[in-house]
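Structure at a glance
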Amino acid sequence: MWKWWTGEAGRVAASVDAGAAGGALALAPRKTVALPSILGPYQASSSLLPKPTPVNLRRFAETPLARRAINVIKDRIAGLDWQIKLKRGFSIATVPDAEARAAILRQTLEEPNSGDSFRTLIEQVLEDALVGGYGAIEMELSGDPQRPFELWPVDGATIKINAKWDGSAETPRYAQATGLAMAQMVPLGGDSLENAGSTPGLIPLRDDQLIYIRLNPRSYTPFGLGPLEVAFETMNSFLGAHRFAGKLASNSVVQYALWLNETSPAQHERLIRWWQDEIEGTGRVPLISSEQKPEVLRFAAGTDADLRLNWQEFLIRMVGNAFSLPPMLLGLERDVNQSTASEQADEAFRSAVAPLAKLVAEHLTRDLFTKKLGWREFEFVFNDLETRDEMTEVTMQTSLIAAGVLTVNEVRAMRGLGPLPEPVVAQPPPDFAVEGPEEDKAKEEEAGETAEVLDQD
């Protein structure tokens, strides 16, 4: 919208047309809309029960418990080191320009577009994947040999899947619903997206134009299932219990009352005003004179059981189960000791971080490198996904090198390092004659003759 208001879109279109007319490979502009939710916002009524809609899911994702669970997985994957390497079955000998092309892929992924780095791009995709089970990235060829493609994060909630996709590269497999089209989406299994370009607000996308990451793929639906969707009811219960406990704790009252027998309403009001004006908050000693001694009535004191803390703890454990995280990482450290903390952290990495990281790497390899670029020789790999104990990994790799199973360069490739240069073997000069057994025997005979002559002298 900003480009159309400022006239930038017209200049981009003119430059593309000019490039096409001149025969040069023109830059492909982005097709999807960056923030489609602001064009058609959805306001849920407060009187309705919450449903796992994209708006409610994102609202729940902003609460402390869900945000902690999402950040534990997202930040860990976004901070992993990664590399571009050759697949199995390919080598430097079969792919002569492998190093140059791998460097181009690395540089382009580090700056996927003019406004994002690889980390900011992957964080947005992982956020959508963990919240709703959908993560989307648009891919477009740039025409520059040094930057062959550009990537943009796409709101996965606006992606519509063509249930009648026939597998053809020219048939749209996805479409982004923007604006009014979001309220006019065809039900699953309805009309195909072949005429999506003529539908207002519906942007068709081919299979080689969009990376669509599904969590928990199932055969009966084309959509994924995110961890927050699984924990939606639990999160709703936790927020209700948390609000109740907050109100109960913040609106606490004094647990005793003063009872004066046989007092008139006027005396009662006068006593209340005197207490509020002269005694309450001043620290003075109250003095009361009456025919009968006032009686203090004490109520039952509030306890932690009234706050339903055990129920909230149980709900936190359920949220951790939905995200495949131990309760320790969500703030429950009561039953954690030194011997189990390391094991729970390793289990969280293997069950929550590593599977999602491998899924993202496989999509980048298959959709971007293979489908979009046609470079089947390369793959995207996150480093250090197999083990988190550095000393264990070093010991294992050292043993494999000593046994001759791996070479030093192969271990360096596993760690994302370049190969070491081959050692240079010194060659003897051309005129140097290598002495053999016959030359050694002749020298011995000559030395013996010389010794006899010396003895005679």
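The rules we used
Position labels on residues start from 1 in each chain and follow its written sequence. Only residues with pLDDT of 70 or above have their local features reported here, since the model is predicted, and side-chain atom pairs are shown and tallied only from 80 upward, although totals for entire chains, interfaces and linings are computed over all residues. Remark: hydrogens and water are excluded; side-chain values derive from all non-hydrogen atoms of the structure. Each helix is a run of H or I in the DSSP string that is no shorter than four residues. Each strand is a run of E no shorter than two, and both are numbered from the N terminus. The buried label applies to any residue whose accessible area, calculated with a 1.4 Å probe on protein chains only, is under 20% of its type's maximum; exposed applies above 50%, and partly exposed to all values in between. It only takes one pair of heavy atoms within 4.5 Å for two residues to be counted as in contact. Two rings from Phe, Tyr or Trp (for Trp, the six-membered ring) form a pair when their centres are within 6.5 Å of each other. A pair whose planes differ by under 30 degrees is stacked, one over 60 is edge-to-face, and the rest are tilted. Note on geometry: axes are lines fitted to C-alpha atoms, helical ones only across the stretch in contact, with angles between N-to-C directions running from 0 to 180 degrees. For classification purposes, angles smaller than 35 degrees are called roughly parallel, those larger than 145 roughly antiparallel, those between 65 and 115 roughly perpendicular, and all remaining angles oblique. Note on convention: the crossing is left-handed when the near helix lies turned anticlockwise from the far helix by less than a right angle, right-handed when the turn is clockwise. For this classification, the nonpolar set comprises Ala, Val, Leu, Ile, Met, Phe, Trp, Tyr, Cys and Pro, the charged set comprises Asp, Glu, Lys and Arg, and every other residue, Gly included, is treated as polar. Salt bridges are identified by distance alone: a Lys or Arg side-chain nitrogen within 4 Å of an Asp or Glu carboxyl oxygen. Here, the term nonpolar core denotes a set of buried Ala, Val, Leu, Ile, Met, Phe, Trp, Tyr and Cys residues that are joined through side-chain atoms within 4.5 Å. In this analysis, strands are considered paired if DSSP registers two or more bridges between them. Given the number of residues in a helix, its expected span is that number minus one, multiplied by 1.5 Å. Candidate patch residues must exceed 30% relative accessible area and have no salt bridge, after which like charges are joined if within 9 Å and Val, Leu, Ile, Met, Phe, Trp or Tyr side chains if within 5 Å. Computed by Shrake-Rupley with a 1.4 Å probe, the accessible areas treat only the displayed protein chains as cover when residues are assessed.

For the rest of this paragraph, the subject is the overall build of the protein. The helix and strand tally for the protein stands at 14 helices and ten strands. By the burial criterion, 33% of the 457 residues in the protein qualify as buried.

Mapped onto the elements, Gln 344 comes out in helix α11 (residues 338-373). Accessibility expressed as a relative area gives 23% for Gln 344, which makes it partly exposed. Considered as a pair, Gln 344 and Leu 325 are 19 residues apart in the sequence and their alpha carbons are 8.5 Å apart. The residues contacting Gln 344, other than those within four sequence positions of it, are Pro 326, Met 328 and Val 336.

Attention shifts here to the packing of aromatic side chains. Tallied over the entire structure, the rule returns nine aromatic pairs. Judged by centre distance (5.7 Å) and plane angle (35°), the rings of Phe 118 and Phe 380 are tilted. Of this pair, Phe 118 sits in helix α6 (residues 118-132) while Phe 380 sits in strand β10 (residues 378-382), placing them 262 residues apart in sequence. You can call Phe 118 buried: its relative accessible area is 8%. Assessed through its relative accessible area of 3%, Phe 380 is described here as buried. With a centroid separation of 5.7 Å and an interplanar angle of 25°, the aromatic rings of Trp 311 and Phe 314 are classed as stacked.

A separate point is the side chain of Gln 397. Within the fold, Gln 397 resides in helix α12 (residues 390-402). Not counting residues up to four positions away in its chain, the partners in contact with Gln 397 are Val 411, Met 414 and Arg 415.

Each pair of packed helices gets described by two things: the angle between the helix axes and the distance between those axes. As a packed pair, helix α8 (residues 232-250) and helix α10 (residues 309-322) sit with axes 9 Å apart at the nearest point and diverge in direction by 150°. If you check the angle between α8 and α10, you find them roughly antiparallel. For α8 against α10, the interelement crossing comes out left-handed. For the pair α8 and α10, the contacting residues are Thr 234, Met 235, Ser 237, Phe 238, Ala 241, His 242 and Ala 245 in the first and Trp 311, Gln 312, Leu 315, Ile 316, Met 318 and Val 319 in the second. Partitioned by chemical class, the residues of the contact of α8 with α10 number nine nonpolar, four polar and no charged.

Here the focus is the pattern of salt bridges. Per the stated rule, a full pass over the model turns up 17 salt bridges. A salt bridge links Asp 207 to Lys 371; the nearest nitrogen and oxygen atoms lie 2.9 Å apart. Within this pair, whereas Asp 207 is found in the loop between β6 (202-205) and β7 (210-214), its partner Lys 371 is found in helix α11, the two being separated by 164 residues in sequence. Take Asp 207: its relative accessible area is 11%, and that puts it in the buried class. In this structure, Arg 317 and Glu 313 form a salt bridge, with 3.2 Å as the shortest nitrogen-oxygen distance.

On to the nonpolar core, then. Of all hydrophobic cores here, the largest spans 69 residues; its most connected members are Leu 109, Leu 325 and Phe 380. Of the residues forming this core, the biggest block, 13 residues, is contributed by α11. Core analysis: the second largest hydrophobic core is formed by nine residues, Ile 159, Leu 205, Leu 210 and Tyr 212 among them.

Here three strands make up an open sheet; going across it, the order is β3-β2-β7 and the pairing antiparallel. In the strand order of this sheet, the two ends are held by β3 (147-154) and β7, each with one partner. Along the sheet, successive strands turn relative to each other by an average axial angle of 25°, direction set aside. Two elements, strand β2 (residues 134-144) and β3, share seven bridges in a ladder whose sense is antiparallel. Along β3, the bridge assignment pairs Ile 137 with Pro 153.

Moving on to α6. When the terminal C-alpha atoms of α6 are compared, their 21 Å separation across 15 residues agrees well with the 21 Å that a helix rising 1.5 Å per residue should span. The buried fraction of α6 is high, at eleven of 15 residues. Within the sequence span of α6, burial applies to Phe 118, Leu 121, Ile 122, Val 125, Leu 126, Glu 127, Asp 128, Ala 129, Leu 130, Val 131 and Gly 132.

Attention now goes to the packing of helix α4 (residues 64-78) against α6. Contact pair α4 / α6: the axes reach a minimum separation of 10 Å and the direction vectors enclose 140°. With respect to α6, the axis of α4 lies oblique. Crossing geometry of α4 relative to α6 is assigned as right-handed. Packed against α4, whose contacting residues are Arg 67, Ile 70, Ile 73, Lys 74, Asp 75, Ile 77 and Ala 78, the element α6 presents Arg 119, Ile 122, Glu 123, Leu 126, Glu 127, Leu 130 and Val 131 at the interface. Looking at the contact of α4 with α6, its residues break down into eight nonpolar, no polar and six charged.

Attention shifts here to the sheet that holds β6. Spatially, three strands are ordered β4-β5-β6 in an open sheet, and the strand pairing comes out antiparallel. Each edge of the open sheet carries a strand with a single partner, namely β4 (159-161) and β6. Here the strands of the sheet are splayed against their neighbours by 30° on average, with no regard to which way each runs. Examined bridge by bridge, β4 and strand β5 (residues 174-177) share three bridges and lie antiparallel to one another. Along β5, the bridge assignment pairs Ile 159 with Gln 176.

The next point concerns a nonpolar patch on the surface. Taken together, the side chains of Val 254, Tyr 256, Leu 258, Trp 275, Ile 288 and Val 296 make up a nonpolar region of the molecular surface, amounting to roughly 550 Å² of accessible area. The topology assignment puts Ile 288 in the loop between α9 (265-279) and β9 (295-298). For Ile 288, a relative accessible area of 36% gives the class partly exposed.

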